[in-house]
Amino acid sequence: MSTTNKPIKTTSRPGRTLAILGLILVAMVSLVFIQGSTSVRLGLDLRGGTSVTLQPRIAPGDEGKVTSEAIDQAVSIIRQRVNSLGVAESEVAAQGSGTNRQIVISVPGDTGRRVVDLVGQTAELRFRQVLASASGVPAAADAAATPAAGVSADVNAKFAALDCTKPENLQGTGADAPTDTLVACDRAGTTKYILAPAEVLGRQISKASAGLDAQAGSNWFVSLTFNGEGTAAFGALTSRVTSLPEPTNQVAIVLDGLVVSSPRITEAIPSGNAQITGSFTQLEAQDLANVLKYGALPLAFDRGEVQQVSPTLGADQLNAGLLAGGLGLLLVVIFTLLYYRALGFVTVGSLAIAGLMLYVLFLLMGEWIGFTLTLAGIAGAIVAIGVTADSFIVYFERVRDEMREGRSLRTAAETGWVRARRTILVADFVSMIAAVLLYVFSVGGVRGFAFTLGLTTIIDLIIIFWFTKPALVLISRSKFFNSGHPLSGFSPKSLGLSVAKEA
Amino acid sequence: MSKLSGLGGRLYRGETSVNFIGHRRRWYMVSSVFILLSIGALSVQGLHLGIEFKGGSSFTVTTPNPSVADARAAIEEAGVNSEAIVQLVGDNKVRVQTGALEQAQNNTVQDALAAKFAVSASTIDTQIIGPSWGKEITRKALYGLFGFLIVVMIYLAMALEPKMAISAIIAVIHDVFITVGIYALVGFDVTPATIIGFLTILGYSLYDTVVVFDKVRENTKSITSSSTKTYSQAVNLAVNQTIVRSTNTSIVALLPVAAILFVGAGLLGAGTLKDLSLALFIGLLVGTYSSIFIAPPVLAQLREKEPAMQALAKRVNARGGVTVETSSTAVTAVNGRGPRNQPKRKGRK
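Residues numbered from 1 in each chain as written. Chains lettered and ligands numbered in written order. Predicted model: local features only at pLDDT ≥ 70, side-chain atom pairs only at ≥ 80, totals over all residues.

In this section: the overall build of chain A. A tally of helices and strands in chain A yields 15 helices and twelve strands. Counting across all 503 residues of chain A, residues that qualify as buried make up 47%. Partitioning the contacts of chain A with sequence separation of at least 6, the portion at a separation of at least 24 is 73%. (Helix = DSSP H or I, 4+ residues; strand = E, 2+ residues; numbered from the N terminus. Buried ≥ 20, exposed ≤ 12 C-beta atoms within 10 Å, placed from the backbone. Contact = placed C-beta atoms within 7 Å.)

Right, here's the structure in full:
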């Protein structure tokens, strides 16, 4: 064995290290109070709610369409739709990396079905001729008397009753078929329309961009280019309506059942290139161009997974998770106390501090990065009890080995550390690689598991460097441990030394 | 307990020694049998995949004393003619699993169940899995697996030794194979949580192997400069020296997992906790086995092929030492005669 018997410098100051760790803990706990984050944010599987995971549907030959921009665009559109439900703490986020991403929508509470119906729709952009328009409030009964040309009395009654100031009428259902005569509000809720069946569809647009009138310097407009089919259809539509009276000379751009814009057609446009002018701000023009370019969602999505958890099940799962954690911790504590005797208290102390640190980090990360604790996350934390205790065992056994080679506990606590440290660093690094890869290559619950596993691995390193080791060095100076008391865990008998001596 | 600790001391000094390396054929044999069984089970029965991999819907109604017949009646009323699995979970839950349904059909089934059991539809826990979802998670899990193996192999080759990295990876593949085989054999349900479990085993199984190999590295740092031990003997000593550690770390790792398994299976019936902890439990056991019985012998074999190590073995033999591999009776070969350079060694015997 290549044992080096160099004298070990005993310059380590365990007291100071412990004091620093204490300060860090106090600082973290104060931060929790300053930020007022007093409870861990629970995931939907622990408090009830609905989560939907959407996968981009990739048609053959369309692989290039799934770009990061397209996913981001879809996220913001879906977020608008989900927010329209008015449920607090709803979340829409892309997960995964690059083009291989998914969109995860989480909505707490029992709005389940509405969420599921709402998010996956890929309503299409449509151009419809305006048949009638009025201000967004319900009309007085007599005003609805004369239906416009080509509008049934039924539709007209619906139009009259429509109240665009009500939020539920501004949700954008996207349930309209292209062949319907449609009653719709505009997005702001100020105007309502009766719209003819769609004549031009969003997919017939080949290009759309926002531009600035160079001469006036202030008027933003949107230019459009149609493909062959679109050019013909748009040409026919514009040449027919341009000479009609107000408001039938307007063409509404309809998205998700809401009118985005309803420009007046001033001339027939047979060329396939059109400009929509108006008093746009830069943002409005760019948004309109995006809508024209992408339609509703830039991609079609499949519902990969839908999970609806009732609050009862959520509470059950939370309790079960906490119970399993408590039980696991108890078993580990009993084992270490039985095997390592008084030394086991160092393990118990280390686990307690690791637990406190993890809890505080859960609180803080909930505040900083919106971390939510899921059932898989709890499982990760429980599994981590084992990993954390493993490093203590590696260290303790190492110290005992050093003592078997004839060193005193005081020296062994230092020499054993130098060797155990290496082993622990390598082993924890492997755990870290596993956690990071699990996190990168997974969606939803698995990520929660990987995240806690990674977090606890880091905590493990902090604890063993700043608590377990200095604590052991400190107690190695005490008479109880140094004299090899039978209950200390370092007695010659438990090390197997006495056996050798007696023989 | 102290008896066990005393054993640790004897193992450390090499007074008590189990010939792990010399009996490697025996361990290889055991593993081969398991691997053949795994291959057999996988090809005959295959894995019992949960709906997450096939696509489908699962509805769980919580109500006092539910009946399977009522649930079946509700599904029929909803007009779903795909094969439905109905089972009781605990004494107050009934779970209905169907094939892939349209969103409207899902709503119909949910409503029918709610009406039948007189509960609100929003209290029914549902899970709806698209048909391509399983492919997606399987693909990602495989990416994760290969990514992990490659990154860890490179890391271990740098942090330890290249041949240690190879042996460790062989042991890990062995673990995953046997764990998956056990799943196929027993017919446990495979869910995404199970896959997480499998992937986590990788990291765990390596923890013990790293502990053993780190000791091997220490024991063999300047092994060729003396003629006291062959490489295999040094590895064997390292395994014996770390076996208490490996056992303890495994027990401590298993205890919390056992707690999750107990609570998950006992209180919640089925679900994430049970699936995850079962995979971990089996994987940990297999991982502990391989870190002692597979990884070190494979390493010894790989290194003994090197000319320097063969020359060393010759020199040790010439000095009258018994090489561990030559005879299966050499259980305590290291013990009696092999010169040991442990300081403070008291003559025993």
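Another aspect to go through is the overall build of chain B. Scanning chain B for helices and strands turns up 13 helices and six strands. Taking all 349 residues of chain B together, 52% fall into the buried category. Within chain B, counting contacts between residues at least 6 apart in sequence, those at least 24 apart form 78% of the total.

Pairing within the open sheet is antiparallel, and its eight strands lie in the order E2(A)-E3(A)-E1(A)-E12(A)-E5(B)-E2(B)-E4(B)-E3(B). Of all the strands in the sheet, the pair left with one neighbour each is strand E2 (91-95) of chain A together with strand E3 (85-89) of chain B. Each neighbouring strand pair of the sheet contributes to a mean axis angle of 15 degrees, computed without reference to strand direction. In terms of strand pairing, strand E2 (residues 56-62) of chain B meets strand E5 (residues 125-129) of chain B through five bridges, oriented antiparallel. Counted as the bridge partner of B:Ser58 is B:Gln127 from E5(B). (Pairing = 2+ DSSP bridges. Axes fitted to C-alpha atoms, helices over the stretch in contact; angles between N-to-C directions.)

The next point concerns the pairing of strand E9 (residues 251-255) of chain A. Residue and element names in this part refer to chain A. The element E9 is extensively covered by neighbouring structure, given that five of its five residues are classed as buried. Side chains of E9 alternate between two faces, with Val 251, Ile 253 and Leu 255 and Ala 252 and Val 254 buried alike. Sheet topology note: the strand E4 (residues 126-135)/E9 ladder contains four bridges and is antiparallel. Directly across from Arg 128, in E9, lies its bridge partner Ala 252. One ladder, built from three bridges, connects E9 with strand E10 (residues 258-261); its direction is antiparallel. The partner of Ile 253 across the bridge, within E10, is Ser 261.

What follows deals with the packing of helix H11 (residues 409-440) of chain A against helix H8 (residues 192-219) of chain B. Between H11(A) and H8(B), the least distance of the axes is 9 Å, while the angle of their chain directions is 165 degrees. Looking at the two axes, H11(A) sits roughly antiparallel to H8(B). You can see that H11(A) and H8(B) cross each other, and the crossing is right-handed. In this structure, H11(A) uses A:Arg422, A:Thr423, A:Val426, A:Ala427, A:Val430, A:Ser431, A:Ala434 and A:Leu438 to contact H8(B), whose residues at the interface are B:Ile196, B:Leu199, B:Thr200, B:Leu202, B:Gly203, B:Leu206, B:Tyr207, B:Val210, B:Val211 and B:Asp214. Tallied by class, residues from the contact of H11(A) with H8(B) come to twelve nonpolar, four polar and two charged. (Parallel < 35°, antiparallel > 145°, perpendicular 65-115°, else oblique. Left-handed = near helix turned anticlockwise from the far one by under 90°. Nonpolar A, V, L, I, M, F, W, Y, C, P; charged D, E, K, R; others polar.)

Here we come to the nonpolar core. Note on soluble globular proteins: their nonpolar side chains tend to be buried together. In this structure, A:Ala379, A:Leu438 and B:Ala168 are the most contacted members of the largest nonpolar core, which totals 163 residues. With 18 residues, helix H10 (residues 375-404) of chain A is the largest single contributor of residues to this core. Ignoring anything within four residues of it in the chain, the contact list for A:Leu438 reads A:Val446, A:Phe449, A:Ala450, B:Gly144, B:Ile196 and B:Leu199. Within the second largest apolar cluster, 43 residues are counted, among which are A:Leu131, A:Phe159, A:Ala184 and A:Leu195. (Core = buried A, V, L, I, M, F, W, Y, C linked by C-beta atoms within 7 Å.)

All names here are of chain A. Within strand E1 (residues 49-56), eight of the eight residues are buried, which leaves it mostly tucked inside the rest of the structure. Side chains Gly 49, Ser 51, Thr 53 and Gln 55 of E1 all project onto a buried face; the interleaved residues Thr 50, Val 52, Leu 54 and Pro 56 project onto the opposite face, where all are buried too. Sheet analysis places E1 next to strand E3 (residues 102-108), joined by six bridges and oriented antiparallel. If you follow Leu 54 over to E3, its bridge partner there is Ile 103. Across eight bridges, E1 lies against strand E12 (residues 301-309) in antiparallel orientation. Counterpart to Pro 56 in the pairing with E12 is Phe 301.

With that settled, the discussion passes to the interface of chain B and chain A. Each partner contributes residues to the interface: chain B has 74 residues there, and chain A has 74 residues. Of all elements in the fold, only helix H1 (2-13), helix H5 (103-117), E5, helix H6 (133-159), H8, helix H9 (231-267) and helix H10 (272-293) of chain B reach the threshold of two or more residues within the side of chain B that touches chain A. Tallying contributions element by element places H9(B) first for the side of chain B that touches chain A, with 15 residues. The residue inventory of the side of chain B that touches chain A, partitioned by class, reads 36 nonpolar, 26 polar and twelve charged. As paired strands, E12(A) and E5(B) are joined by four bridges and run antiparallel to one another. Pairing of A:Gln307 across the sheet is with B:Gln127, part of E5(B).

A word on the packing of H10(A) against H10(B). As a packed pair, H10(A) and H10(B) sit with axes 10 Å apart at the nearest point and diverge in direction by 30 degrees. As for the relative orientation of H10(A) and H10(B), their crossing is right-handed in sense. Contact with H10(A), carried on its side by A:Leu375, A:Ala376, A:Ala379 and A:Val383, involves B:Thr272, B:Leu273, B:Leu276 and B:Leu280 of H10(B) and no other residues of that element. Of the residues in the contact of H10(A) with H10(B), the class split is seven nonpolar, one polar and no charged.

Turning next to the domain arrangement of chain B. We note that the domain assignment places domain 1 (2-48 + 134-336) and domain 2 (56-129) within chain B. Distance from the C-alpha centre of domain 1 of chain B to the C-alpha centre of domain 2 of chain B: 45 Å. (Domains from an automatic or database assignment.)

Moving on to the environment of A:Leu495. All names here are of chain A. By secondary structure assignment, the location of Leu 495 is in helix H14 (residues 492-495). We classify Leu 495 as buried; it has 23 C-beta atoms within 10 Å. In the structure, Leu 495 is positioned eleven residues away from Gly 484 in sequence and 9.7 Å away in space, judged by C-alpha atoms.

We now examine the sheet that holds strand E11 (residues 273-280) of chain A. Residue and element names in this part refer to chain A. Taken in spatial order, the three strands make up an open sheet running E7-E8-E11, and their pairing is antiparallel. At either margin of the open sheet sits one strand with a lone partner, and together these are strand E7 (205-212) and E11. Within the sheet, the average angular offset between the axes of one strand and its neighbour, ignoring direction, is 20 degrees.

The subject of this paragraph is the confidence of the model for chain A. All names here are of chain A. This prediction gives chain A a mean pLDDT of 79; 83% of its residues lie at or above 70. Confidence over residues 1-10 falls short of pLDDT 50; this stretch has twelve contacts with residues more than four positions distant or in other chains. Long-range and interchain partners of residues 141-145, a stretch whose pLDDT sits below 50, account for four contacts in this model, where long-range means more than four residues apart. (pLDDT = per-residue confidence, 0-100.)

Moving on, we come to H11(A). Helix length check: H11(A), at 32 residues, gives a terminal C-alpha distance of 44 Å against a target of 46 Å (1.5 Å per residue), a fit within 8%. At A:Trp417, H11(A) shows its largest kink, close to 30 degrees. (Expected span 1.5 Å × (residues − 1). Bend = angle between axes of the 7 residues up to and from the residue.)

Turning next to the confidence of the model for chain B. Residues and elements named next belong to chain B. Chain-level pLDDT for chain B is 81 on average; 88% of the residues reach the 70-or-more range. The spread of mean pLDDT over the elements of chain B runs between helix H13 (residues 333-336), the lowest at 39, and helix H11 (residues 295-304), the highest at 93. Counting contacts from residues 323-349, a segment whose pLDDT is below 50, to residues more than four positions away or on other chains yields 61 contacts. Overall fold confidence for the complex sits at a pTM of 0.72, while the interface term, ipTM, reaches 0.80.

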